[in-house]
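Structural characterization, general
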Amino acid sequence: MAREKFKTIISGIVPLKVENIDTDQIIPARFLKATTREGFGENLFRDWRYMRDGSVNTDFILNDDRFKGEILVAGRNFGCGSSREHAAWALYDYGFRVVVSSFFADIFRSNSLNNGLLPVQVSPGFLDRIFKSAEEHPGSAIKTDLESQVITLSETGESEKFEIDRYKKECLLNGYDDIDYLLSIKADITRFEEGRI
């Protein structure tokens, strides 16, 4: 299923300075009944965004109007726990296009890349500088340049390179899923097959 092409994103950030955020915190299991990707953003971090009586938890960062944008910045070991793909669906459906952390669980990273969400792994020191910048300058932005694989703090100009699988990078830049990619090289596949006859 073709999706939106990933462009360079310059956006405000939502700083969630919590480590070991697991997939059940991202999207609680009781909301996994749907079979399509839409609608999960409504329940993203549900148990943190709302109190038990259903009222808004004004202390939670997603409910703080100073912090809005397409980039979530989280503590180390983001996306650990169960392998549910719904976690990536919920983040994307909510409006995030990039998640920044100093470490991602492998299955969460894979699920994100397969669903148009870019996980950017930075050094612990650079992550600390992002959190510090957000604290000192609420509403400051980050530039995420997938083509050059560089993330930059707009407030200070500090930047850092990040790694990404070459194939997944091409898929994100072109808005491809695995089938779209195969269709894009159909002529090459046909030529290869014809050359074997």
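Residues numbered from 1 in each chain as written. Predicted model: local features only at pLDDT ≥ 70, side-chain atom pairs only at ≥ 80, totals over all residues. Heavy atoms only, no water.

Here's the deal with the sheet that holds strand β1 (residues 9-16)
Spatially, seven strands are ordered β4-β3-β2-β1-β5-β6-β7 in an open sheet, and the strand pairing comes out mixed. Every interior strand has two partners, whereas the edge strands, β4 (118-121) and β7 (159-161), have only one. Taken pair by pair, the neighbouring strands of this sheet meet at an average axis angle of 25°, ignoring direction. Bridging between strand β3 (residues 98-101) and β4 involves four bridges; their strand directions are parallel. (Pairing = 2+ DSSP bridges. Helix = DSSP H or I, 4+ residues; strand = E, 2+ residues; numbered from the N terminus. Axes fitted to C-alpha atoms, helices over the stretch in contact; angles between N-to-C directions.)

Points about the pairing of strand β5 (residues 141-145)
Successive residues of a regular strand alternate their side chains across the two faces of the sheet. With four of five residues buried, β5 lies mostly within the body of the structure. In the sheet, β1 pairs with β5 via four bridges, with the strands oriented antiparallel. The residue of β5 that forms the bridge with Ile10 is Lys143. Pairing of β5 with strand β6 (residues 150-153) involves four bridges; the strand directions are antiparallel. The residue bridging Lys143 from the neighbouring strand is Thr152, located in β6. Linking β5 to β6, which pair antiparallel, is a turn of four residues; within it Gln149 sits at a positive phi near 60°. (Buried < 20%, exposed > 50% of the residue type's maximum accessible area, 1.4 Å probe, protein only.)

Quick notes on the environment of Ser112
Within the fold, Ser112 resides in helix α4 (residues 106-114). Residues Ser112 and Glu85 lie 27 residues apart in sequence; the distance between their C-alpha atoms is 7.9 Å. Apart from the residues within four sequence positions on either side, Ser112 is in contact with Ala88, Leu117 and Pro119. (Contact = heavy atoms within 4.5 Å.)

Describing the packing of aromatic side chains
In this description, an aromatic ring pair is defined by two values, namely the gap between the centres and the angle between the planes. Enumeration according to the criterion identifies eight aromatic pairs in this entry. An angle of 15° between the planes, with centres 6.1 Å apart, marks the rings of Phe104 and Phe108 as stacked. Comparing Phe104 with Phe108, the two get one shared label, buried. Through successive ring pairs, a cluster of aromatic residues spans Phe45, Trp48 and Phe60. In this structure, Arg46 packs its charged tip against the face of Tyr50, placed 4.4 Å from the ring centre. (Phe/Tyr/Trp six-rings, centres within 6.5 Å; stacked < 30°, edge-to-face > 60°. Lys NZ or Arg CZ within 6 Å of the ring centre and 35° of its normal.)

As for the pattern of salt bridges
Counted under the stated rule, the structure contains five salt bridges. Of the charged contacts, one joins Arg84 and Asp24 as a salt bridge, the two residues approaching to 3.0 Å between their closest N and O atoms. Here Asp24 lies in helix α1 (residues 23-26) and Arg84 lies in the loop between β2 (71-74) and α3 (86-94), a separation of 60 residues in the sequence. Residue classification places Asp24 among the partly exposed residues on the basis of a relative accessible area of 37%. The partner of Glu158 in a salt bridge is Arg129, and the shortest N-O contact between them spans 2.7 Å. Highlighted residues: Glu158 in the loop between β6 and β7 and Arg129 in helix α5 (residues 124-136), separated in sequence by 29 residues. Classification of Glu158 by relative accessible area gives partly exposed; the value is 29%. (Salt bridge = Lys/Arg side-chain N within 4 Å of Asp/Glu carboxyl O.)

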